[in-house]
Every structure is written in C-alpha cells, then in structure tokens.
Amino acid sequence: MKIFILIVLTSSLMLAGCGKRKTTPPPEVDQDVSEIEIDFGDEFLPIDGGIELTIGE
C-alpha cells in the first residue's frame, strides 16, 4: 500500500510540472556569450630530484 501511495504521489508531481525542466531562461537573463581563456602557467615542482617514498626500514 505504501508503494502504491508513493507511485501516485510521484506521478501527480510529474503531471503537475515539478518533474519538467524549464529550458528557457527568464527575460532578464543576459544571453550574450563571451569566450574566456584560462592560462594555468608552468608546472611547479618544488623538489629538484623528484619525490622518494620509503615505507618502514
């Protein structure tokens, strides 16, 4: 019975429009698109000889 109620509630929400995704933005949203280029620079390694890991002795 609980599963039936859950199915009825879920389907009623979908029919009411809660499950639909709006694809059109509101009119106050600016639709202009500009390209942005991000430069992360050079790779930084603070250790000259690399990294050495030892476990135990």
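Scroll up to find the structure.
Keep in mind that this is a model prediction, so the values were computed, not measured.

Reading the values: rules and limits
- Residues numbered from 1 in each chain as written.
- Predicted model: local features only at pLDDT ≥ 70, side-chain atom pairs only at ≥ 80, totals over all residues.
- Heavy atoms only, no water.
- Patch = residues over 30% accessible without salt bridge, like charges linked within 9 Å, V, L, I, M, F, W, Y side chains within 5 Å.
- Areas by Shrake-Rupley, 256 points an atom, 1.4 Å probe, with all protein chains shown as cover.
- Salt bridge = Lys/Arg side-chain N within 4 Å of Asp/Glu carboxyl O.
- Helix = DSSP H or I, 4+ residues; strand = E, 2+ residues; numbered from the N terminus.
- Lys, Arg positive; Asp, Glu negative; His and termini not counted.
- Charge placed at Lys NZ, Arg CZ, Asp CG, Glu CD.
- Buried < 20%, exposed > 50% of the residue type's maximum accessible area, 1.4 Å probe, protein only.

We now examine a nonpolar patch on the surface. A cluster of nonpolar side chains, Met 1, Phe 4, Ile 5, Val 8 and Leu 9, forms an exposed patch at the surface whose accessible area comes to about 550 Å². Its location among the elements puts Ile 5 in helix H1 (residues 2-16).

On to a negative patch on the surface, then. Together, Glu 37, Asp 39, Asp 42 and Glu 43 make up a region of like negative charge exposed at the surface. Within the secondary structure, Glu 37 is located in the segment after H1. Look at Glu 37 and you get exposed, because its relative accessible area is 77%.

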